[in-house]
Each structure stands twice: as C-alpha cells, then as structure tokens.
Amino acid sequence: MERYQSMVDFILCEIFVQFRKDCFKYYEGTGEPFRKMIESGVVSEADREWCERVLGHGLELARRALVAQRDRREYSWTVFRKETLSLGR
C-alpha cells in the first residue's frame, strides 16, 4: 500500500497488474490518470466495465471474508486476487 497514493490505486493496480506501470508513470508526471486513459480510448469502455464488475466482486469477497473472519494466513492476497478475477468473467 505504501507505494500508492490512494487505496483505489492500490486495489486497481494490485488486482489488475497490467495497470501498474501506467499508474507509476502518472505518479512520475509522465502518464495519464486512469480516467484520461478511458476518455482517450487507451482503456476501452468494455475493459472499464469489466474492471468495475471485477472490483465489485472483489468487494463482495472481502465482505464475505470479513464476515467469516477468515484467517489472513489461510486467505492470502494471491487467493483473493485469483477468486476476484475469476468471478469477473
């Protein structure tokens, strides 16, 4: 989390690792924010919608994990990310 300027950037880039490079370019002042990438067509509207669906599923998974009080060692970020991405298909 320390690498990111916001929780949204963290979640977006750690679930969709393909956006990390663009995020850090933006931080360095050499890239566009995600919003501009959508507006300019670098990220398609279909991809944006898919990201929103996946992130929605991720929030639901996180809620269920909290309710079930899963042990963090048993429910790693890697497992969470894979489950989240598979639900967005």
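Everything numeric here is computed off the predicted structure, so don't read it as measured data.

J.: Explanation requested: the nonpolar core in the structure shown.
T.: The tendency in soluble globular proteins is for nonpolar side chains to be buried as a group. Of all hydrophobic cores here, the largest spans 19 residues; its most connected members are Tyr4, Ile15, Phe16 and Phe19. Taken together, the elements giving at least two residues each to this core come down to helix 1 (7-15), helix 2 (20-28), helix 3 (34-39), helix 4 (45-68) and helix 5 (77-87). Look past the residues within four positions of Ile15 in its chain and what remains in contact with it is Val54, Leu55, Trp77, Phe80, Arg81, Thr84 and Leu85.

J.: Would you explain the packing of helix 1 against helix 5 in this entry?
T.: Describing two packed helices takes the angle between their axes plus the distance from one axis to the other. Orientation of helix 1 relative to helix 5, taken along the N-to-C sense of each, is 80 degrees, at an axis distance of 10 Å. As judged from the angle between their axes, helix 1 and helix 5 are roughly perpendicular. Together, Phe10, Glu14 and Ile15 of helix 1 and Trp77, Phe80, Arg81, Thr84 and Leu85 of helix 5 make up the contact between the two elements.

J.: Just checking my understanding: could you explain the pattern of salt bridges for this structure?
T.: Opposite charge on two side chains lets them pair, provided their charged atoms get close. In total, this model carries six salt bridges according to the counting rule given. In this structure, Glu49 and Arg48 form a salt bridge, with 3.9 Å as the shortest nitrogen-oxygen distance. A salt bridge links Glu52 to Arg48; the nearest nitrogen and oxygen atoms lie 2.3 Å apart. Of the two residues, Glu52 and Arg48 both sit in helix 4, four residues apart, roughly one turn of that helix. With a relative accessible area of 47%, Glu52 lands in the partly exposed category. Here Arg48 falls in the buried class, since its relative accessible area comes to 19%. Each of the salt bridges in this network shares a partner with another, and the network as a whole consists of Glu45, Arg48, Glu49 and Glu52.

Conventions and cut-offs
Residues numbered from 1 in each chain as written. Predicted model: local features only at pLDDT ≥ 70, side-chain atom pairs only at ≥ 80, totals over all residues. Heavy atoms only, no water. Core = buried A, V, L, I, M, F, W, Y, C linked by side-chain atoms within 4.5 Å. Buried < 20%, exposed > 50% of the residue type's maximum accessible area, 1.4 Å probe, protein only. Helix = DSSP H or I, 4+ residues; strand = E, 2+ residues; numbered from the N terminus. Contact = heavy atoms within 4.5 Å. Axes fitted to C-alpha atoms, helices over the stretch in contact; angles between N-to-C directions. Parallel < 35°, antiparallel > 145°, perpendicular 65-115°, else oblique. Salt bridge = Lys/Arg side-chain N within 4 Å of Asp/Glu carboxyl O.

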